[in-house]
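Secondary and tertiary structure notes
Listed below are the residues making up each chain.
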Amino acid sequence: MSASKPPIPSVWARQRRQRDQPVLSQDRIVAEALKLLDEEGIEALSMRTLGTRLGAGATSIYRHVANKDELIELVIDEVYGELRIPAIDAGTWAEALVECARELRAMMLRHPWVASVLGQVGMVQLGPNLLRQSERMLALVQGAGFPAGEADQVLNMLIAYVVGMTTSEAAYLSLLARSGQTEQEWAESLRPTAEQVMEGHPLMQAEFLARVGDDPAQMREEGFRYGLDRLLDGLQSRLTALNG
């Protein structure tokens, strides 16, 4: 008799209990874990710490969530539920994808710990919120004219761009928050050192001096939109080739 296959290590592969404890439920655990992550970061998350915040022991939490990875799967799915994906008939396809990118970026900046765990735990893509949002975004991409199969690649490329840009941005904003300074104060404090180390690097120096005094927040916004617009330019070229 063959040995049974090991279960898939994901919270979405197990059936949820029909009845949770009245005091401690999976929803309450997820909500408190999200607060902890937003306040203290991923390093602070442990079942013991979470249990203390909930007024329960870690053992009680394990009745609802098998391990820390499963808990993170649940919290990631929770924050994906915050995304507001535009309707398929709202403006042009490019405007809709810009809105999707902005929504994803805003979510990741509200929850800067997300970037550090995406792709590292379980099977987050099976979560109900992520599935629902992915379905709506795929509808936008296919509605633009990309065929099934390629539409998924387009969506993956868009998400990869947002995650790549926002990961460093979220880390920078977290560092800024710990410093207690505004972005403008931080930029001004670094300016003398930056000017000194760039001597002998004329191209870098020229780029730096061209933006001295600019609003750092506006620069971040412009940098994000510039790359996004170039990505959309490429997608438009591909659509033209598909319809040519």
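Heads up: the structure comes first, above all this text.
In this report, the structure presented in the accompanying data block is examined.

The N-to-C vectors of helix α4 (residues 68-80) and helix α7 (residues 128-144) enclose an angle of 40°; their axes lie 7 Å apart at closest approach. With respect to each other, α4 and α7 are oriented oblique. With respect to the hand of their crossing, α4 and α7 are arranged in left-handed fashion. Of α7, the residues touching α4 (which contributes D77, E78 and Y80) are P128, N129, L130 and Q133. The class makeup of the residues in the contact of α4 with α7 is three nonpolar, two polar and two charged.

Turning to the packing of aromatic side chains, a few remarks are in order. Counted according to the given criterion, the structure contains two aromatic pairs. Their ring planes at 80° and their centres at 6.4 Å tell us that W93 and F146 sit as a pair that is edge-to-face. Highlighted residues: W93 in helix α5 (residues 93-110) and F146 in the loop between α7 and α8 (150-179), separated in sequence by 53 residues. For the pair W93 and F146, one class covers both residues: buried. Geometrically, the ring pair formed by Y161 and F224 is tilted, given 5.6 Å between the ring centres and 35° between the ring planes. Of this pair, Y161 sits in helix α8 while F224 is found in helix α11 (residues 216-243), placing the two residues 63 residues apart along the sequence. Each member of the pair Y161 and F224 is classed as buried. Across the ring face of F224, the terminal group of R105 is positioned such that the distance to the ring centre comes to 4.7 Å.

Calculation criteria
Residues numbered from 1 in each chain as written. Predicted model: local features only at pLDDT ≥ 70, side-chain atom pairs only at ≥ 80, totals over all residues. Heavy atoms only, no water. Axes fitted to C-alpha atoms, helices over the stretch in contact; angles between N-to-C directions. Helix = DSSP H or I, 4+ residues; strand = E, 2+ residues; numbered from the N terminus. Parallel < 35°, antiparallel > 145°, perpendicular 65-115°, else oblique. Left-handed = near helix turned anticlockwise from the far one by under 90°. Contact = heavy atoms within 4.5 Å. Nonpolar A, V, L, I, M, F, W, Y, C, P; charged D, E, K, R; others polar. Phe/Tyr/Trp six-rings, centres within 6.5 Å; stacked < 30°, edge-to-face > 60°. Buried < 20%, exposed > 50% of the residue type's maximum accessible area, 1.4 Å probe, protein only. Lys NZ or Arg CZ within 6 Å of the ring centre and 35° of its normal.

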